[in-house]
Amino acid sequence: MASINLIAWDNGRGLSHDIRLLSDALRSLGHEVSFTPVDAPRQRRWWKSLAARWQRLRHRAPRYDLNITLEHASPDHLWLARRNAFVPNPEWFSRRDHRYLDRYDAVLTKTRSATEGFTALGVRALHIGFLSTDCHLPERTRQPTFLHLAGASRMKGTERLLAVWKKHPEWPTLHVLQAPGSNPGTDTPAPNIVHRREYVADIAEIRQLQNTHVFQCCLSEAEGWGHYIAEALSCRAVVLTCDAPPMNELVSPDHGITVAATEDGPLNLATRYLFNEEALEAAVERCMRMERPEWERLGDSARSWYLDNQQGFAARLAAALQQLL
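Structure report, in brief. Everything numeric in this text was worked out from a predicted model, so none of it was measured.

In this section: the overall build of the protein. When you go through the protein residue by residue, the secondary structure sums to 10 helices and 14 strands. By residue count, 53% of the 325 residues in the protein fall in the buried class. Within the protein, counting contacts between residues at least 6 apart in sequence, those at least 24 apart form 61% of the total. Put simply, the protein shows about 15200 Å² of open surface, and 50% of that area lies on carbon and sulfur atoms.

Moving on to empty space enclosed by the protein. For the structure shown, the criterion picks out one cavity of 30 Å³ or more. Taken as a whole, the largest cavity holds about 40 Å³ of empty space. Taken together, Leu15, Asp18, Leu70, Glu71, Val87, Asn89, Lys110 and Phe130 make up the lining of the largest cavity. Considered class by class, the residues forming the lining of the largest cavity number four nonpolar, one polar and three charged.

Inspection of every chain in the model, using the stated rule, returns 16 salt bridges. Close ionic contact of Arg196 with Glu198 constitutes a salt bridge, the shortest N to O distance being 3.0 Å. Since its relative accessible area comes to 34%, Glu198 is described here as partly exposed. Among the salt bridges present, the one from Asp264 reaches Arg272, with a minimum N-O distance of 3.2 Å. The exposure class of Asp264 is partly exposed, given its relative accessible area of 38%.

Reading across the sheet, the six strands line up as β2-β1-β3-β4-β5-β6 and stay open at both edges, with parallel pairing between neighbours. Each of the sheet's edge strands pairs with one partner strand only, and the pair in question is β2 (32–37) and β6 (125–127). Mean inter-strand twist for the sheet, computed between neighbouring axes without regard to direction, equals 30°. Strand direction decides the pairing type here: strand β4 (residues 81–87) and strand β5 (residues 106–109), joined by two bridges, are parallel. Residue pairing for β5: Ala85 is matched across the bridge by Ala106.

Let us look at the layout of surface pockets. There is about 1900 Å³ of room inside the largest pocket. Looking at the largest pocket, it is lined by 46 residues, and the ones nearest its centre are Arg13, Gly14, Ala152, Ser153 and Lys156. Listing elements by their share of the lining of the largest pocket, those giving two or more residues are α1 (14–28), β7 (143–151), β8 (174–178), α6 (203–212) and α7 (227–234). Tallying contributions element by element places α1 first for the lining of the largest pocket, with six residues. When its residues are assigned to classes, the lining of the largest pocket shows 18 nonpolar, 15 polar and 13 charged.

Right, let's get into helix α10 (residues 292–324). Taking 1.5 Å of rise per residue, the 33 residues of α10 would be expected to cover 48 Å, and the 48 Å separating its terminal C-alpha atoms lies within 8% of that figure. The principal kink in α10, of about 30°, is found at Gly312.

Take the packing of helix α5 (residues 158–166) against helix α9 (residues 277–289) next. Running from amino to carboxyl end, α5 crosses α9 at an angle of 60°, the nearest separation of the two axes being 11 Å. Considered as vectors, α5 and α9 are oriented oblique to each other. Helix-helix and strand crossings are classified by hand; for α5 and α9 the assignment is right-handed. Contacts between α5 and α9 involve Arg160, Leu161, Val164 and Trp165 from the former and Glu277, Leu280, Glu281 and Val284 from the latter.

Here we take up unusual backbone geometry. Cis geometry is found at the peptide bond from Pro245 to Pro246, where omega equals 0°. Residue Glu139 is not a glycine yet carries a positive backbone phi of 60°.

Turning next to the nonpolar core. Formed by 78 residues in total, the largest nonpolar core has its most connected members in Leu22, Leu26, Ile68, Trp165, Ile229 and Leu280. Of all hydrophobic cores here, the second largest spans 11 residues; its members include Phe93, Tyr104, Phe118 and Ala125.

Our next topic: the packing of aromatic side chains. A full pass over the atoms with the stated rule returns eight aromatic pairs. Arranged with centres 5.0 Å apart and planes meeting at 25°, the rings of Phe86 and Tyr104 form a pair that is stacked. Placement of Phe86 in strand β4 and of Tyr104 in the loop between α3 (95–99) and β5 is noted, with a sequence separation of 18 residues between them. The class for Phe86 is buried, based on a relative accessible area of 0%. Assessed through its relative accessible area of 8%, Tyr104 is described here as buried.

One can find Thr158 in helix α5. Residue Thr158 is classed as buried on the basis of its relative accessible area of 3%. Setting aside its immediate chain neighbours within four residues, Thr158 contacts His148, Ala150, Val176 and Gln178.

Here is what the cut-offs are and how they apply
Residues numbered from 1 in each chain as written. Predicted model: local features only at pLDDT ≥ 70, side-chain atom pairs only at ≥ 80, totals over all residues. Heavy atoms only, no water. Helix = DSSP H or I, 4+ residues; strand = E, 2+ residues; numbered from the N terminus. Buried < 20%, exposed > 50% of the residue type's maximum accessible area, 1.4 Å probe, protein only. Contact = heavy atoms within 4.5 Å. Areas by Shrake-Rupley, 256 points an atom, 1.4 Å probe, with all protein chains shown as cover. 1 Å grid on protein atoms, 1.4 Å probe; cavity = no way out; pocket = protein on both sides within 12 Å on 5 of 7 lines; lining within 4 Å. Points joined across faces, edges and corners; volume = space filled by probe spheres on them. Nonpolar A, V, L, I, M, F, W, Y, C, P; charged D, E, K, R; others polar. Salt bridge = Lys/Arg side-chain N within 4 Å of Asp/Glu carboxyl O. Pairing = 2+ DSSP bridges. Axes fitted to C-alpha atoms, helices over the stretch in contact; angles between N-to-C directions. Expected span 1.5 Å × (residues − 1). Bend = angle between axes of the 7 residues up to and from the residue. Parallel < 35°, antiparallel > 145°, perpendicular 65-115°, else oblique. Left-handed = near helix turned anticlockwise from the far one by under 90°. Core = buried A, V, L, I, M, F, W, Y, C linked by side-chain atoms within 4.5 Å. Phe/Tyr/Trp six-rings, centres within 6.5 Å; stacked < 30°, edge-to-face > 60°.

Below, the structure is given as structure tokens:
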């Protein structure tokens, strides 16, 4: 098997999560996995590039069969391996990343829309999809209430979701968990909204939330993959998301509810989408009328989609590596 080196900024959040998941998947395929940490893009300095070039002069032979760089290009480390692959997130794909794109042997894409975008740039794009943590807790009592895990992201549609919910005091409770300071502003209290602006260190509490709400609002404006959508599906939740790529690649009417959305302009190589407020109102009203058998059917289908995706990832990743190596 191959020696594979992952290159990424270990940011303690989403990228660290991706590093761990991809490392585990590569090891499960029998590969030897190493990790080369790099600084955040804004913290990279010219003298570090000089140091990397000096290392290249000292060690001319590649150390690995393949580098896999996550999110942002790292040209100073290309020499470490015989071949180089890039796993970008289109919404964060910068001009600097574009400048170095032709130095990679292939782009490994998480979504079909990303494959189309990078193919249009004239590069070799191999679709691998991605995988997410299984958050399912069996035998939990679910209530027909709504959950929105905003985290620290500003692209989850949180403020617009809250504004719509406040217009409808007759709706069920919406539980929102959001990092403090992520969307500063004055909150207007509502009796049917539990809005927690805090970091929850206990992952068991978050898992409890994910598994006790029937409905999860995941109204992303853009996604590189959509971990919180996939995690909600793993929990057998009925997921409401934007009917726009790549969100609707993860959720279809067969196992969730898609909400009409309109384009709001480009976001690097991606497109930003905003959910239609009237469509969201109709979707929530549908959920309120939904009987237990229907939400359980949709939840079972969501869980099946999640498991199929998890099982298929290894095969897609192995096929891409075979073409590269």
